[in-house]
Amino acid sequence: MSTAGKVIKCKAAVLWEIKKPFSIEEVEVAPPKAHEIRIKIVATGICGSDDHMVSGHFSIRLPVIPGHEAAGIVESIGEGVTTVKPGDKVIPLFTPQCGECRVCKHPEANFCLKNDLSMLRGTMQDGTTRFTCRGKPISHFLGTSTFSEYTVVDEMAVAKIDAASPLEKVCLLSCGFTTGYGSAVKVAKVTPGSTCAVFGLGGVGLSVVMGCKAAGAARIIGVDINKDKFKKAKEVGATECISPQDFKKPIHEVLKEMSNGGVDFSFEAIGRHDTMVAALACCQEAYGVSVIVGVPPGSHNLSMNPMLLLSGRTWKGAIFGGFKSKDSVPKLVDDFMAKKFTLDPLISHVLPFEKINEGFDLLHSGKSFRTILTF
Ligand code: PAD
Ligand code: ZN
Ligand code: ZN
């Protein structure tokens, strides 16, 4: 029996309070309105940014259904939807691509003005929600809310992908891999033969390493306080790995010494102010490029010495690896299917959706790179 046009009751992981475990609830998911799509989520990854929601760094009104790194199948479409149909395999996009705003029309930029990361409204584009639980409206997370068996997203935030793609793998193209890989190849534009430093070797940092390698970097130095991350980082392309805790000197000085005066490209994939400044300081003072990938805690300011930039360094940041989402994700899936890169090294754990709290425990204990939850 078709579910189109009807409210669907299904399970979802609801965050009722910050810093508390998720509770698996039965939620009601309303049908998609005009220009919206209801998706059956098949697999969803746990990203550091979901953890930022749990720890209270995103001020979205609670309760909320987080999750933004996923893949699924279109269940039904609202009026006027033209780019997908029921049964299509799709990836939800936490950075939409409306195609009409000045950012979408800019040849390089990708942070579409319709994104929910700036305002954190926790709603669909029309300002309302499609989820209820125990009679209460539940906020959306970055327009995606993939910790739910069914979710509703705006058409501008969905990419149709190859019907043959394995959803339990390509879900990583919905955030972690694309973010890290694009930060290297698209945002920093890593050059062949260069030396790179990557701070943070979680799922995002490993993807930065993979991007640096694909771009032909000669040296890729991984930096992490958890040495258990080094083996995997070397497997995907890091040529050396160091822990700041093994040195008396500040880590940026260690890296400058290792690279004869500073690395060509550096990346911060942790989300800490001190490491953002260290990553900037470790790149070559006249031409080094440093990219902020990690999402900082809350809206606090950081202080840095402007001389670090006056000498000629470039400091950049990007969401979603600088990729225009709706255009790029189907192409990245095609590249994955053509074996231009692999996602297997990133997937350290696969758990049934109900074990979501175990997945977050694995992240906190530093044991996982990416945990994929399957429905
Ligand atoms: P993760 O928690 O799996 O990885 C973080 C890594 O940093 C871990 O290996 C830690 O051991 C390491 N680490 C922690 N503190 C330090 C320190 N002081 N020095 C060195 N290493 C340290 O997270 P992730 O890989 O999923 O995400 C990393 C960041 O990227 C996080 O802030 C997340 O919010 C952000 C992100 N940004 C975007 C974007 O579009 N810019 C997208 C997705 C994730
Ligand atoms: Zn736009
Ligand atoms: Zn993410």
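Residues numbered from 1 in each chain as written. Chains lettered and ligands numbered in written order. Predicted model: local features only at pLDDT ≥ 70, side-chain atom pairs only at ≥ 80, totals over all residues. Heavy atoms only, no water.

A. Up close: the sheet that holds strand β10 (residues 195-199). Ordered in space as β12-β11-β10-β13-β14-β15, the 6 strands form an open sheet in which the pairing is parallel. Unpaired on one side and paired on the other, β12 (240-242) and β15 (314-317) mark the two borders of the sheet. Each neighbouring strand pair of the sheet contributes to a mean axis angle of 20°, computed without reference to strand direction. For strand β13 (residues 265-268) and strand β14 (residues 289-292), the ladder comprises 4 bridges, and the chain directions are parallel. (Pairing = 2+ DSSP bridges. Helix = DSSP H or I, 4+ residues; strand = E, 2+ residues; numbered from the N terminus. Axes fitted to C-alpha atoms, helices over the stretch in contact; angles between N-to-C directions.)

B. Structural view of the site of ligand 1. Near ligand 1 there are 29 residues, and of these Ser49, Asp224, Ile270, Val293 and Phe320 occur at the shortest range. Arginine 370 is positioned with one of its side-chain polar atoms (N or O) 2.9 Å from an oxygen atom of ligand 1. When ligand 1 is considered free in solution it has 860 Å² of accessible area, and contact with the protein chains removes 88% of it. Going through the elements one at a time, α1 (48-54) and α5 (203-214) are the ones with two or more residues in the shell around ligand 1. (Near = heavy atom within 4 Å. Polar contact = N/O pair within 3.5 Å; in protein donor to acceptor, adjacent residues only side chain to side chain. Areas by Shrake-Rupley, 256 points an atom, 1.4 Å probe, with all protein chains shown as cover.)

C. Seen up close, unusual backbone geometry. Residues leucine 62 and proline 63 are joined by a peptide bond in cis, for which omega reads -5°. Relative to the elements of secondary structure, proline 63 occurs in the loop between α1 and β4 (69-77). In this model, arginine 134 sits at a positive phi of 50°, which is unusual for a non-glycine residue. Among the secondary structure elements, arginine 134 is positioned in the loop between β6 (131-133) and β7 (136-138). A residue is classified by how much of its surface remains accessible, and arginine 134, at 62% relative accessible area, is exposed. (Buried < 20%, exposed > 50% of the residue type's maximum accessible area, 1.4 Å probe, protein only.)

D. Looking closely at the coordination of the zinc ion (ligand 3). Distances from the zinc ion (ligand 3) to its protein donors, Cys47 (SG), His68 (NE2) and Cys175 (SG), fall within 2.0 to 2.3 Å. All donor residues of the zinc ion (ligand 3) come from one chain, and their arrangement in sequence is C-x20-H-x106-C. On the criterion of sequence distance, the pair formed by cysteine 47 in the loop between β3 (36-45) and α1 and histidine 68 in the loop between α1 and β4 is long-range, its members being 21 residues apart. Assessed through its relative accessible area of 2%, cysteine 47 is described here as buried. The buried category is assigned to histidine 68, whose relative accessible area is 1%. (Donors = N, O, S within 2.8 Å, 3.2 Å for Na, K, Ca; no water.)

By themselves, these observations are geometric and do not establish any function.
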